[in-house]
Amino acid sequence: MDSSSGSHFNNQPSPKMMPPRQQVKSGVLHTSLSLVPPPDAFGSPNVQERGPNSDQVRESPTESASSRDTWPDPLIVSKQMEREKQKEPENNFAENSVTRHISRLDKMSLRDICSERVDIIAEKMHHLPYEFLDNLKNQLRVLIEGTSGDQIKEEYIFLQKMVMGRGDLTEKVLTMAHRGQLELLVAVKTGIQAFLHPTVSLSQASLIEIFLYKRCRNIACGSQIPADDCTCEICSKRNGFCNLCMCVICTKFDFEVNTCRWIGCDACSHWTHTDCAIRNGQIGVGPVKSGGMLFRCRACMRTSELFGWVKDVFNQCAPLWDRESLIKELDCVRRIFHRSNENRGRNLYLKCEELVEKLKSGSTEAVACKAILSFFQEGEMETPKTEEGGVMAPQEAFNRIADVVHEAIKKMEMVENEKARMVKKARLALEACDEDLKDKNRELAALNLERQKKKQQVDELQSIVRLKQAEAEMFDLKASEARREAERLQRISLANAQKEDDYASRYLKQRLHEAEAEKQYLFQKIRLQEEGSSRDTGPAEPSQMIMYNKIQDLLKKI
């Protein structure tokens, strides 16, 4: 037991505690998703296992499954990051600067998404296949889990610092982001794998509000923060803390309900892990006169009495616990009352220790449950005694009864207020669901309109294709007809050319025969003239000589 749990709280009254922590919403996710707080919420990143009454039995107060740190020490991580920056200077960048360059589309990495401008990445991601986006999500899941070594954890912390150091990620800028890009950015910043799960479907507006710390990162809660318009110092920091589902000390959340491992303050309605309260001295011994165990809320610094609260939790929830859960609850109560100076608190501590041993040795949970409930009933049935050991005076007994009645009335009012808060929260959840439904309906209407436009465009394209096909068939038919006509004209042309050649050859032959006949005629005539001139032996006349020369020239030409 931590020595700080022995602190004395003497300054404040001890009102009754809140009823057991109830389920914030109906189960939305399976309990296999890992959840962690943001890195700037009171400390370094921590992985938080969720699930009602976690199965891991704590062997020491510092090993609480609700508040255990599983990430490396921030000093060691910072030194490792400095060494990495010295080895790889090209990875250095100013915290508030945004890189303008983007790598090739087929080599887009998580570092690109965390460092590049939102609009550029969104435009690129619209052309990426779904398989590539799923691959990026699987890579980020491995980094968040951090089970593959320190290098994987360092890479995730590096990405988280990238996102946390950017000053350009405003609501206006994030509205331009691709949905997958926004899911990756929210998962990197919060360290919660649930945002990468395919069955988780949050609206883009809700993802932006979670990224900007305007909505609780617990998907099962999803309240606007600060919840219930709380103005306390913790909620007013606006670092993502939700007083409805997160621990005031470690800022983590889980889904354990109906348990003593969460303590609620009835004054400010903030919740604290019992283990965190023990380790940080928020549970201690009350004034010397009472010696009972008190819880001091870190949010409002008011104290509350623990014995009655434990009794109420066991009376309401013990019959619902299984064996492992009962052992954990008894062990938690044993550690709460370990340093109690009050008789009933000390007896409760011894009783819980005894029942834990019996359960571990084989006793049934029904017997142990009956024993602890009988212990609380016997404490109620004890006869009130004065400090001297005698019977109380009637007036004092009446005053005690009046106090009990007032306490019961306060308890009923507290339950009524709790119910009113639950109703208010249910109404807000219903309104949120209605808004999401309206968004989905608008998206559906837009998709239907787009589908109709696409269908109309497809019909127009099909009609154009049919028209072009008809034109092609018509032109094909005309081309065939023109081809046949050309062949016919070519045949006619060839026939005409052959006829012309025949006519020309016949004409030339005829002219040749006529020329030959004329030649023979002229030769005979010349011979006759020569014979006649030789008989006359007289000189030839000039006219006859001219005629004779002409005939010779003509014969030479022929």
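What counts and how
Residues numbered from 1 in each chain as written. Predicted model: local features only at pLDDT ≥ 70, side-chain atom pairs only at ≥ 80, totals over all residues. Heavy atoms only, no water. Helix = DSSP H or I, 4+ residues; strand = E, 2+ residues; numbered from the N terminus. Buried < 20%, exposed > 50% of the residue type's maximum accessible area, 1.4 Å probe, protein only. Areas by Shrake-Rupley, 256 points an atom, 1.4 Å probe, with all protein chains shown as cover. Core = buried A, V, L, I, M, F, W, Y, C linked by side-chain atoms within 4.5 Å. Contact = heavy atoms within 4.5 Å. Pairing = 2+ DSSP bridges. Salt bridge = Lys/Arg side-chain N within 4 Å of Asp/Glu carboxyl O. Patch = residues over 30% accessible without salt bridge, like charges linked within 9 Å, V, L, I, M, F, W, Y side chains within 5 Å.

**A closer look at the overall build of the chain**
- Helix and strand counts for the chain come out as 16 helices and five strands.
- Within the chain, the fraction of its 558 residues that count as buried is 40%.
- As displayed, the chain offers around 32800 Å² of accessible surface, 53% of which is attributable to carbon and sulfur atoms.

**So, the nonpolar core**
- Grouped together as the largest cluster of nonpolar side chains are 96 residues, with contacts concentrated most on L140, F314, F337, L348 and I372.
- In contact with L348, not counting residues within four places along its chain, are F307, V310, V333, F337, I372, F375 and F376.
- By size, the runner-up hydrophobic cluster in this structure holds six residues, among which are C247, I249, C250 and W262.

**Some remarks on the pairing of strand β4 (residues 293–296)**
- A two-sided burial pattern is seen for β4, the buried positions comprising M293 and F295 on one face and L294 and R296 on the other.
- Of the pairings in the sheet, the one linking β4 to strand β5 (residues 303–305) comprises three bridges and is antiparallel in character. Bridge assignment links L294 to a residue of β5, and that residue is E305.
- Here β4 folds back onto β5, and the loop between the two strands holds six residues, one of which, M301, carries a positive phi near 60 degrees.

**Examining the pattern of salt bridges**
- Inspection of the entire model under this criterion finds 22 salt bridges.
- Residue D168 pairs with R166 through a salt bridge whose shortest N-O separation is 2.8 Å.
- Accessibility expressed as a relative area gives 8% for R166, which makes it buried.
- Put simply, E171 and K214 hold a salt bridge, and the shortest N to O gap is 3.2 Å. Separated by 43 residues along the polypeptide, E171 in helix α6 (residues 171–174) and K214 in the loop between α8 (204–211) and α9 (233–236) bring together distant segments of the chain.
- By relative accessible area, K214 is classed as partly exposed at 36%.

**A closer look at a nonpolar patch on the surface**
- A surface patch of nonpolar side chains, amounting to about 250 Å² of accessible area, comprises I401, V405 and I409.
- Residue placement: I409 occurs in helix α15 (residues 394–536).
- By relative accessible area, I409 is classed as partly exposed at 40%.

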